[in-house]
Amino acid sequence: MAWIDITGPIQEGMWNYGPHLPEITIKKIEAIEQGKHDIYAFCLTSLTATYLETAAHYFKGERSIDQLHPEDFILDANIIKLKPKGFQEAILVEELRPYTEKIKPNSALLISTGWEDKWNNPDFVIGSPYFTPEAMQWVVDRKISLLGADIPCYDNQKNSVRVNSLLFKSGALILAPLVNLKNIPKDSAKLYAFPLKIVGVCATPCRALLEL
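It should be emphasised that the depicted structure is a prediction, and the values quoted were computed from it without experimental measurement.

**Some points on the overall build of the protein chain**
Thinking step 1. Scanning the protein chain from terminus to terminus reveals three helices and twelve strands.
Thinking step 2. Over its C-alpha atoms the protein chain spans a radius of gyration of 17 Å, differing by no more than 12% from the 17 Å that the globule rule assigns to 212 residues.
Thinking step 3. With the C-alpha coordinates of the protein chain rotated into their principal frame, the extents come out at 60 × 40 × 35 Å.
Thinking step 4. In the protein chain, 73% of the contacts between residues at least 6 apart in sequence involve partners at least 24 apart.
Thinking step 5. Put simply, the protein chain shows about 10,700 Å² of open surface, and 54% of that area lies on carbon and sulfur atoms.
Thinking step 6. Side chains of the protein chain carry 22 positive and 25 negative charges; the gap between the two charge centres is 3 Å.

**Quick look at the nonpolar core**
Thinking step 1. Residues Phe-131, Val-139, Leu-147 and Tyr-154 are the most contacted members of the largest nonpolar core, which totals 36 residues.
Thinking step 2. When contributions to this core are tallied by element, the ones reaching two or more residues are helix H1 (93-96), strand S7 (108-112), helix H2 (133-141), strand S9 (146-149), helix H3 (163-169) and strand S10 (173-176).
Thinking step 3. Ranked by residues supplied to this core, first place goes to H2 with five residues.
Thinking step 4. The next biggest cluster of nonpolar side chains, apart from the first, holds 23 residues, and it includes Ala-77, Ile-79, Ala-193 and Leu-210.

**A look at the state of the cysteines**
Thinking step 1. Scanning all chains against the criterion turns up zero disulfides.
Thinking step 2. Sulfur of Cys-153: no disulfide; nearest cysteine sulfur belongs to Cys-202 and is 15 Å away.
Thinking step 3. Cys-202 takes part in no disulfide bond, and the closest cysteine sulfur, belonging to Cys-206, lies 13 Å away.

**Structural notes on the packing of aromatic side chains**
Thinking step 1. Applying the stated criterion across every chain yields a total of ten aromatic pairs.
Thinking step 2. Their ring planes at 90° and their centres at 5.3 Å tell us that Trp-15 and Tyr-17 sit as a pair that is edge-to-face.
Thinking step 3. For Trp-15, a relative accessible area of 8% gives the class buried.
Thinking step 4. One aromatic cluster is present, formed by Trp-15, Tyr-17, Tyr-51, Trp-119 and Phe-124 through successive ring pairs.

**Some thoughts on unusual backbone geometry**
Thinking step 1. The residue after Ala-176, namely Pro-177, is reached through a cis peptide bond having omega -25°.
Thinking step 2. Take Pro-177: it is sitting in the loop between S10 and strand S11 (188-195).
Thinking step 3. A positive phi angle is found at Asn-106, which is not glycine, with a value near 70°.
Thinking step 4. By secondary structure assignment, the location of Asn-106 is in the loop between H1 and S7.
Thinking step 5. The exposure class assigned to Asn-106 is exposed, which follows from its relative accessible area of 56%.
Thinking step 6. Despite not being glycine, Asn-180 has its phi angle at roughly 70°, a positive value.
Thinking step 7. On the secondary structure map, Asn-180 appears in the loop between S10 and S11.

**A short note on the layout of surface pockets**
Thinking step 1. Put simply, the largest pocket is a space of about 290 Å³.
Thinking step 2. In this structure, the largest pocket is lined by 16 residues; those nearest its centre are Tyr-17, Tyr-58, Cys-153, Asp-155 and Asn-164.
Thinking step 3. Contributing elements (two or more residues each) for the lining of the largest pocket: strand S4 (51-53) and S10.
Thinking step 4. Taken together, the residues of the lining of the largest pocket sort by class into ten nonpolar, three polar and three charged.

What counts, and where the lines are drawn
- Residues numbered from 1 in each chain as written.
- Predicted model: local features only at pLDDT ≥ 70, side-chain atom pairs only at ≥ 80, totals over all residues.
- Heavy atoms only, no water.
- Helix = DSSP H or I, 4+ residues; strand = E, 2+ residues; numbered from the N terminus.
- Rg over C-alpha atoms; globule rule 2.2 N^0.38 Å.
- Contact = heavy atoms within 4.5 Å.
- Areas by Shrake-Rupley, 256 points an atom, 1.4 Å probe, with all protein chains shown as cover.
- Lys, Arg positive; Asp, Glu negative; His and termini not counted.
- Charge placed at Lys NZ, Arg CZ, Asp CG, Glu CD.
- Core = buried A, V, L, I, M, F, W, Y, C linked by side-chain atoms within 4.5 Å.
- Buried < 20%, exposed > 50% of the residue type's maximum accessible area, 1.4 Å probe, protein only.
- Disulfide = S-S within 2.5 Å.
- Phe/Tyr/Trp six-rings, centres within 6.5 Å; stacked < 30°, edge-to-face > 60°.
- 1 Å grid on protein atoms, 1.4 Å probe; cavity = no way out; pocket = protein on both sides within 12 Å on 5 of 7 lines; lining within 4 Å.
- Points joined across faces, edges and corners; volume = space filled by probe spheres on them.
- Nonpolar A, V, L, I, M, F, W, Y, C, P; charged D, E, K, R; others polar.

Below, the structure is given as structure tokens:
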């Protein structure tokens, strides 16, 4: 048995989803050197680093993170490794169709595009590869429980089509962005993804691991 951590690190000054959101900060507010204990204050958003997200991000009345069940966090996972994607390059349905018979209902699907190499690059968010509507519909048709990828944006940022809506309407969760997918030696594994249990929110940072 081997474990691979597919969680991106949280650190000060890291990427986020735009200047309208607060920067990620990690501040020591008490210190051993002051005769106290080390204590830190974090400023994070719900979509910081690798996070788990529910349909409540888009739709009222959907489950919040604290309403998920343990079985939502532990899933059989299939891993698809695509050719490395470039700046704002689409994930096409033609690339996914060869894997149709391998994807099982109620499982997790993890897709590697190589974009993880851009983590904390200035283009990481704005240049993110994305799913075309046809590609996302293929994913939805597989009846999966969770879609994970190494990209921060599943939508094409250049238009108003929101493919995330297709996924969320199916009841699936989003786990993104991931790291180390390109290093997975297998095309299947057991996924463990545990979010922070914060009441009433649609997403939180999480720790995601694969058991091979």
